[in-house]
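Spelled out from the first residue to the last, the chains are:
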Amino acid sequence: MEALIIFVAQLVLVPIVTIRTILVVKGIRNVAAFIGIFEGFIYVISLGLVFSDLSNIWNMVAYAFGFGIGLFLGSLLETKLQIGYVTFQVNLMNRNEELVRTLRASGFGVTTYIGEGIEDHRYRLDVLAKRNREKEFMDIIDHMDPKAFVVSYEPRTFKGGFLTKRMKKRQEQAESNA
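From a predicted model like this one, the values you see are computed outputs, not experimental measurements.

About the cut-offs
- Residues numbered from 1 in each chain as written.
- Predicted model: local features only at pLDDT ≥ 70, side-chain atom pairs only at ≥ 80, totals over all residues.
- Heavy atoms only, no water.
- Helix = DSSP H or I, 4+ residues; strand = E, 2+ residues; numbered from the N terminus.
- Buried < 20%, exposed > 50% of the residue type's maximum accessible area, 1.4 Å probe, protein only.
- Contact = heavy atoms within 4.5 Å.
- Areas by Shrake-Rupley, 256 points an atom, 1.4 Å probe, with all protein chains shown as cover.
- Axes fitted to C-alpha atoms, helices over the stretch in contact; angles between N-to-C directions.
- Parallel < 35°, antiparallel > 145°, perpendicular 65-115°, else oblique.
- Left-handed = near helix turned anticlockwise from the far one by under 90°.
- Nonpolar A, V, L, I, M, F, W, Y, C, P; charged D, E, K, R; others polar.
- Pairing = 2+ DSSP bridges.
- Core = buried A, V, L, I, M, F, W, Y, C linked by side-chain atoms within 4.5 Å.

J.: Please explain the overall build of the chain as it appears in this structure.
T.: Per the secondary structure count, the chain includes six helices and four strands. For the chain, the residues scored as buried account for 30% of the 178 residues in total. By sequence separation, contacts in the chain at least 24 residues apart represent 72% of the contacts at least 6 residues apart. Here the chain has roughly 11900 Å² of accessible surface; of this, 61% comes from carbon and sulfur atoms.

What follows is the structure in structure tokens.
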């Protein structure tokens, strides 16, 4: 029975640790701290059960398997939640105004640049979006300019710009509705 409790505790604990870590990295400290309370409670109980009887190999096996499967579940959960934002840098061989219009009409903020490649001009789009829209964005790119070179990264800080104005407007609407 103890082994089952330990296994289940790890299945719950490790995804919680994963989410808490992501929240800390993304600067959402208050929620991360709150989650940390539950994390500490579960951790002490499960590890206490393991250490209470070090001769019980099944408790240690349950802890290890629960930990490994918990890591897998945590990564699945993070993929589903898609917390935060992503910045795309799209490099195009040719100017593609239709792509820019489509992205903007879909609600993406797009900034365009002209650069010089080794042989010719290149066109770059910088796009900031919520992570839960990443697939939608890539589908548009794949459909409208399949040869585009796309690099993505996760920004940590925002100041000014299209998305910040939109986030501020949503916050004001939420506060007025409350």
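J.: Sorry, what's going on with the packing of helix α1 (residues 2-25) against helix α2 (residues 29-52) here?
T.: A pair of packed helices is characterised by two quantities: the angle between their axes and the separation of those axes. The interhelical angle for the contact between α1 and α2, taken along N-to-C directions, is 155°, at an axis separation of 9 Å. Regarding the angle of α1 to α2, the classification is roughly antiparallel. In this structure, α1 crosses over α2, and the sense of that crossing is left-handed. Each residue belonging to the contact of α1 with α2 can be placed in one class, and the counts come to 17 nonpolar, four polar and four charged.

J.: Looking at this structure, how should I read the pairing of strand β3 (residues 121-130)?
T.: The side chains of a regular strand alternate between the sheet's two faces. When strand β1 (residues 85-92) meets β3, the two strands line up antiparallel, connected through eight bridges. By the bridge assignment for β3, Thr-87 is matched with Leu-128. In terms of strand pairing, strand β2 (residues 109-116) meets β3 through eight bridges, oriented antiparallel. Opposite Glu-116, over in β3, you have His-121 as the bridge partner. Taking the residues that link successive antiparallel strands as the turn, the β2-β3 hairpin has four residues.

J.: What's the story with the sheet that holds β2 in this structure? I'm lost.
T.: Strand pairing within a sheet occurs via backbone hydrogen bonds; the two strands may be parallel or antiparallel. Here we have four strands laid out as an open sheet, ordered β2-β3-β1-β4, and antiparallel in their pairing. Looking at which strands have only one partner, the edges of the open sheet turn out to be β2 and β4 (149-153). Along the sheet, successive strands turn relative to each other by an average axial angle of 20°, direction set aside. Where β1 lies against β4, five bridges are found, and the strand directions are antiparallel. Paired with Thr-87 across the strands is Tyr-153, a residue of β4. On the sheet, helix α4 (residues 97-105) packs against β1, β2 and β3 and is oriented at approximately 155° with respect to β2.

J.: I keep staring at the nonpolar core and nothing clicks. Help me out?
T.: One broad trend across soluble globular proteins is that nonpolar side chains are buried collectively. Ranked by size, the top nonpolar core spans 17 residues in total, and within it Val-90, Leu-103, Phe-108, Leu-125 and Phe-137 carry the most contacts. Setting aside its immediate chain neighbours within four residues, Leu-125 contacts Phe-88, Gln-89, Val-90, Leu-92, Leu-99, Val-100, Leu-103, Val-110, Thr-111 and Thr-112.

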